[in-house]
Amino acid sequence: MSQMVRSAVRSVLASRGRFLLTGTAIALSVAFLVATLVLSDSMRGRAASDIAEALAGTDAVVQGVSLGEPGGGPGDPVRSVRRSLDPDMTERVAAVDGVEEAASQWKGFAKLVVDGSPVGTGTASDVGRNWVANPEFNPFQLESGRPPTEVGEVVIDRSLADDAGVAPGDVVQVLTATGMHDATITGIATFASADAAPLERTVLLPDGAGSAWLDMAAPTEVLVDIAEGADRTEVLGQLSALSDAKVVDGSDYIRTMQNAATSPLQFLNVFLLAFAVVAVLIGVTIIFNTFTLTVARRRRESGLLRAIGAERRQVLGGVVIEAAFIGTIATLVGLVCGVAGVGALRWVVGLTGISLITGPSIVSPTSIAIAATVGIGATILSAWIPARRAAATSPMEALRESAAEPRVVSRARTASGLVLAAAAIVGGAVAVVSSNPVWLMLAAAIIPALVLCGPAIVIASARWSSPAARRAAGVSGSIAAGNLAASPRRSASTALAIMLGTAMVTMFAMFASSLTSAVGTDVHDGLQADLVVTSATPDFSTIDPTLAGRIAEQPDVDAVTALKKTEGIVEEKAQAIGGIDPTALPTMFDLDPIAGDLADLSSGGVAVVGDDPSLLGETLEIEFERSTIEAPIVAVVARSTGGFEAPAYFVDAATLEASVGRLLDAQVFVDLADGAVADAEEDVSALVRDTPGSFLATREEHVASSGSEIAKFGNFIDGMLILASFIALLGIANTTALAINERSGEIGLLRAVGASRRELRRIVQLEVAILSFVAASIGIAVGAGYGWAMIDVTGGAEIPAVIVPWLRLAVTLIVAVAAGVLAAAWPAFRVSRVPVLKLVSGDS
Amino acid sequence: MGLPYKRQSGSALLANSDDAAAMLDGAVKRYGSGESAVVALDDVTIAFPAGKFTAVMGPSGSGKSTMMHCAAGLDQLTSGRAFVGSTDLSTLDDRELTKLRRERIGFVFQTFNLVATLTVKENICLPLTLSGRQPSDGMLDQVVSMLSLGDRMHHRPAELSGGQQQRVAVARALVARPQVVFADEPTGNLDTRSGQEILGYLRSAVDKHHQSIVVVTHDPNAAAWADHVVFVVDGRVHDVMDSPSADTVLDVMKGLGR
């Protein structure tokens, strides 16, 4: 056994270059996988542990009955919608036997404003909540100063204090649902030990501010401390008996809060994991190729060993030990690089504009175990499969046969691949026609179909590209095209890596472009106002409701109207509901009514965004936190007001405020009088500048910026494209180097009969260029097709149309081919440098 | 024509170098250095006469293949000079050597003779296409009909027998009318009949078209087709024979301890 180990190590050292490449592939895959897992854990884990720590003192929570939960995708509302509690709920809870103490928790919108500018940007929410007196319950701890006692005093979280550079005693402003308020900072608080609650910026208010500032009639939640010695189950049972409320056990509450804090990141995690899987797949392909060749070269040797009486196990053993050796070392390197590289991945993710929780990375043993298992397991498996095949052939056959892979591709393999491909296309078509996402699972059969058809594709592309290559590059072209088919299976696995990478990038690009268009098109087509005032973030309205009135008083302003927005539950789904002035708004934003009359909103009707005029006249029920409205559909409009979380329904603004209380404005549309444009715009601009939480844009600017959030997503895709190209690059370099080794005789002959070094290089590069081009084209086509079906089926109202990003697809194709040629440069250079004689006599 | 050389103290001197297709002058080839150095060619001077069929023979490791590689510009001499015609190979850089190989030398190897992805016709024309020339139809037809390859022109090498493949290699070596054709064990992988056929073709190229051919072989039957046989032992020219027959060659070989 030790003899075997020693010979395996020697064999690795003997072909350092090849195994360095293989090792790099494994290490990169493992590094990417572990970095993804660690990042995911860190985002989740830090938030989770902070929440668990902060809420540890709470035994149970009484909440409003849930009306609807948020969706997970971009553009979906991020909060759950609950029926508001009875204003006396805290007293009722306190009165229950076995309850030691009950405390009200108010949570609403509050944004810190310092020197006229709002503090904090990015995806975190601006939260205002009351300071809970009992430190047992209070998730926040004072770091300095004192708690707020009177309305007009606030405590802010440390992250806000750092961002704004303020300290206790400073005078600031707080924007809430009731407008802008002056406030004095009395203290700085931490959320457990963290600077801030996960994905929240918190302003802590005294109890009285709940109704005065947050405009709430009742607490959001009641925190419960169960008396020691009381029967917990019984107390919980009694609390559940309270009407119009839901009781959650402390540990369940913590879990829910943890999920809520991390769910916006899940979307991203899925993307990252998908890329990690592709990275591993590409890595495995490279490893598999290397070992297939290693084993093939040793076939004769193993045949001899078997002939003189070695057992199969003994023949197999060496290769597997070799694989384990490389796999282990590469995996260790990969783990170290991966953990160290989390920062880099954070940077790539940061390109999306999603601000991640800062703090130390959490490297869990599970992440390490998963990545290590994948790394070592994949290496051994990729070595074991070809080794077993070699050991299974009879000794004499092995001795006789040459090392070259058969050029024939089994028809059964191609046929079953074609059947799968057909099934995938049918699956996609049925999914689109029936709008049933389940059929998309069948469409995913395209991946095994590509695996099975790969060799046939390679042979076909060799045949088809030959005339063109010949015309372009003469006899070198024919040789390059022909070489593709020389070992179809190996070429196919390289092609598969490129296909998967480009397909993935294409799908994301399709998704991004369609979403951008969905968000931007309505604004582009519908906006008629000269100026638009927008909120600080698309999710929250932050415009002082008095601003619209003040703008209207300006000279040369023709008309002003505001859009209000809130969330309501329609058919058990959380939806954005818009409140408008039905006579003023249509003059500044054309909602494109296709049935009914928007003017009827003023008599209590609802307008639906959609394309089905037959909805007219039906009755719609919208549930809000405090009330429910039932209204007839009086209009169907083809367009909403655009941007993220554009309303899916419109009601009269007065109706909306009557149902949910006072709201800040989401957007304000301004029409200027004809003629005096420049001065008037400056006047409005000055007003808006002085009003925190509001931003002015001209029509052109607003049209351009709609969907700009998603443009950042494009950066992320580019980052991933670069990463995918880099891994595929390794694959190509490896495969090409292997192929050149195998063909050294032929290359030597070419040199002997007078091919120059440049011609040899050109043959290698041309071969890779053809392969990359074919594979990337197929990958892009598959990605586009699958992405199209997926967006069409699951996009719903948020992504009504699939937009193909032709330019980005073209760039992807060019990058893939360029990366391929670049990767082949090194082996091509090497082959051209080898002395002729070595090639001629290399294998004879 | 008389003897191409005169024997003198282990090295061969050329008698009429003006008439040589290729020539080595004081050629030394040493592999490695210091104590482990192996001398493959030890001060060899020899001329391969134009328009003749010369066979180079010798036991394994005698340096006969090295001699051919150096004479053909596939390998560099440690010292001494190699000529093809009147061109001194040591003065050429890699690019010029490459050009020389494709325009003035034809090769036939034991294995790896054909490019698997090209058709028979493309393989035959390869040296010409690489230098951007078209084969003259007359020459191509002549070579193809001489080697009876007319019905195989659009086949791939894999579809041919070993003997046929080697005929294609010979055709490729001849089609550009090179100054000299070097063949390294061209019959080593063939059965006797196919081997004899190949040698017959080479012979007729010499007889009909005055092609200069040098064949490295260890088979006395192959050497019997040649005009002269050069015997190489331990990196030196040991003996030379004119108008050889299989028996006379075998006798000399036996004398070499084979």
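Residues numbered from 1 in each chain as written. Chains lettered and ligands numbered in written order. Predicted model: local features only at pLDDT ≥ 70, side-chain atom pairs only at ≥ 80, totals over all residues.

**With respect to the overall build of chain A**
- Within chain A one finds 26 helices and 24 strands.
- Relative to its 844 residues, chain A shows a buried fraction of 53%.
- Summarising the internal contacts of chain A: among those between residues at least 6 apart in sequence, 84% fall at separations of at least 24. (Helix = DSSP H or I, 4+ residues; strand = E, 2+ residues; numbered from the N terminus. Buried ≥ 20, exposed ≤ 12 C-beta atoms within 10 Å, placed from the backbone. Contact = placed C-beta atoms within 7 Å.)

**Observations concerning the overall build of chain B**
- On a plain count of helices and strands, chain B comes out with 8 helices and 12 strands.
- Against the globule reference of 18 Å for 258 residues, chain B gives a C-alpha radius of gyration of 18 Å, in line with a compact fold.
- Dimensions of chain B along its principal axes, counting C-alpha atoms only, are 50 × 45 × 40 Å.
- Buried positions account for 49% of the 258 residues belonging to chain B.
- Long-range contacts, defined here as pairs at least 24 residues apart, represent 69% of the contacts in chain B between residues at least 6 apart. (Rg over C-alpha atoms; globule rule 2.2 N^0.38 Å.)

**Brief notes about the interface of chain A and chain B**
- Taken together, the 22 residues of chain A in the interface contact 23 residues of chain B.
- Of all the secondary structure elements, the ones that give two or more residues to the side of chain A that touches chain B are α15 (446–484), α23 (744–752) and α26 (836–840) of chain A.

**Re the sheet that holds strand β14 (residues 246–249) of chain A**
Residue and element names in this part refer to chain A.
- Spatial ordering of the open sheet is given by β4-β13-β1-β14, a layout of 4 strands whose pairing is antiparallel. On the outer flanks of this sheet lie β4 (99–105) and β14, each paired with one strand and no other. In this sheet, neighbouring strand axes are inclined to one another by 25° on average, regardless of whether the strands run parallel or antiparallel.
- As paired strands, strand β1 (residues 60–63) and strand β13 (residues 221–226) are joined by 4 bridges and run antiparallel to one another. Bridge assignment links Gln63 to a residue of β13, and that residue is Glu221.
- Those strands touched by helix α6 (residues 232–240) are β1, β4, β13 and β14, and its axis lies near 155° from that of β14. (Pairing = 2+ DSSP bridges. Axes fitted to C-alpha atoms, helices over the stretch in contact; angles between N-to-C directions.)

**Some points on helix α3 (residues 120–130) of chain B**
- α3 of chain B sits mainly inside the fold: 10 of its 11 residues count as buried.
- Those residues of α3 of chain B not exposed but buried are Val120, Glu122, Asn123, Ile124, Cys125, Leu126, Pro127, Leu128, Thr129 and Leu130 of chain B.
- Looking at the buried residues of α3 of chain B, the elements they touch are α15 and α24 (757–794) of chain A together with α2 (94–104) and α5 (162–175) of chain B.
- Of the residues flanking the end of α3 of chain B, it is Gly132 of chain B, one or two places downstream, whose phi is positive at about 75°.

**Brief notes about the packing of α24 of chain A against helix α25 (residues 806–833) of chain A**
Residues and elements named next belong to chain A.
- Two elements in contact, α24 and α25, have axes separated by 8 Å at closest approach and are oriented at 150°. As judged from the angle between their axes, α24 and α25 are roughly antiparallel. Every pair of crossing elements has a handedness; the one defined by α24 and α25 is right-handed.
- Within the contact of α24 with α25, the residues separate by chemical class into 20 nonpolar, 6 polar and 2 charged. (Parallel < 35°, antiparallel > 145°, perpendicular 65-115°, else oblique. Left-handed = near helix turned anticlockwise from the far one by under 90°. Nonpolar A, V, L, I, M, F, W, Y, C, P; charged D, E, K, R; others polar.)

**Things to note about the sheet that holds strand β5 (residues 53–57) of chain B**
Residue and element names in this part refer to chain B.
- Taken in spatial order, the 6 strands make up an open sheet running β8-β9-β10-β5-β11-β12, and their pairing is mixed. In the strand order of this sheet, the two ends are held by β8 (105–108) and β12 (236–242), each with one partner. Adjacent strand axes in the sheet meet at a mean angle of 20° when their direction is disregarded.
- Bridging between β8 and strand β9 (residues 180–184) involves 4 bridges; their strand directions are parallel. Paired with Ile105 across the bridge in β9 is Val180.

**Points about the domain arrangement of chain A**
All names here are of chain A.
- Under the domain assignment used here, chain A contains domain 1 (46–262), domain 2 (454–523 + 705–844) and domain 3 (536–693).
- Computed over C-alpha atoms only, the centres of domain 1 and domain 3 are separated by 29 Å.
- Within the residue set of the side of domain 1 that touches domain 3, elements represented by two or more residues are β2 (66–68), β3 (81–82), β5 (107–114), β6 (117–118), β7 (125–130), β10 (171–176) and β11 (179–191).
- Ranked by the residues each element gives to the side of domain 1 that touches domain 3, the list is headed by β5, at 3 residues.
- The residue inventory of the side of domain 1 that touches domain 3, partitioned by class, reads 11 nonpolar, 10 polar and 7 charged. (Domains from an automatic or database assignment.)

**As for the packing of helix α13 (residues 411–434) of chain A against α15 of chain A**
All names here are of chain A.
- Two elements in contact, α13 and α15, have axes whose closest approach is 8 Å; the angle formed by their N-to-C orientations is 145°. In the crossing of α13 with α15, the sense of the turn from one axis to the other is left-handed. Facing Arg413, Thr414, Ser416, Gly417, Leu418, Leu420, Ala421 and Ala424 of α13, the residues of α15 in contact are Ile446, Pro448, Ala449, Leu452, Cys453 and Ala456.
- Across the contact of α13 with α15, the residue classes tally to 10 nonpolar, 3 polar and 1 charged.

**With respect to unusual backbone geometry**
- One non-glycine residue with positive phi stands out, namely Asp592 of chain A, at about 55°.
- Topologically, Asp592 of chain A is positioned in the loop between α18 (585–588) and β18 (593–596).
- Positive phi, close to 50°, is recorded for Arg177 of chain B, a residue that is not glycine.
- Using a count of 16 C-beta atoms within 10 Å as the deciding quantity, one classes Arg177 of chain B as partly exposed.

**Let's talk about the nonpolar core**
- In terms of nonpolar packing, the biggest core is built from 275 residues, with Leu33, Val224, Ala279, Ala495 and Met499 of chain A together with Ala171 of chain B touching the most fellow members.
- Among the elements that make up this core, the one with the highest residue count is helix α2 (residues 16–54) of chain A (20 residues).
- Here this core gathers at least three residues from each of two domains, domain 1 (46–262) and domain 2 (454–523 + 705–844) of chain A.
- Among all residues touching Met499 of chain A, those that are not within four sequence positions of it are Leu450, Ala775, Ile778, Gly779 and Val782 of chain A.
- Core analysis: the second largest hydrophobic core is formed by 55 residues, Phe589, Val606, Val636 and Leu663 of chain A among them. (Core = buried A, V, L, I, M, F, W, Y, C linked by C-beta atoms within 7 Å.)

**A closer look at the pairing of β9 of chain B**
Residue and element names in this part refer to chain B.
- Counted residue by residue, β9 has 5 buried out of 5 residues, so it is predominantly covered.
- Neither face of β9 is left uncovered, since the one carrying Val180, Phe182 and Asp184 and the one carrying Val181 and Ala183 both have all their residues buried.
- Pairing of β9 with strand β10 (residues 213–217) involves 4 bridges; the strand directions are parallel. Directly across from Ala183, in β10, lies its bridge partner Val215.
- In this region the chain leaves β9, passes through helix α6 (residues 192–209) and returns to the parallel neighbour β10; the handedness of that crossover is right-handed. (Right-handed = clockwise from strand over helix to strand, strands pointing away.)

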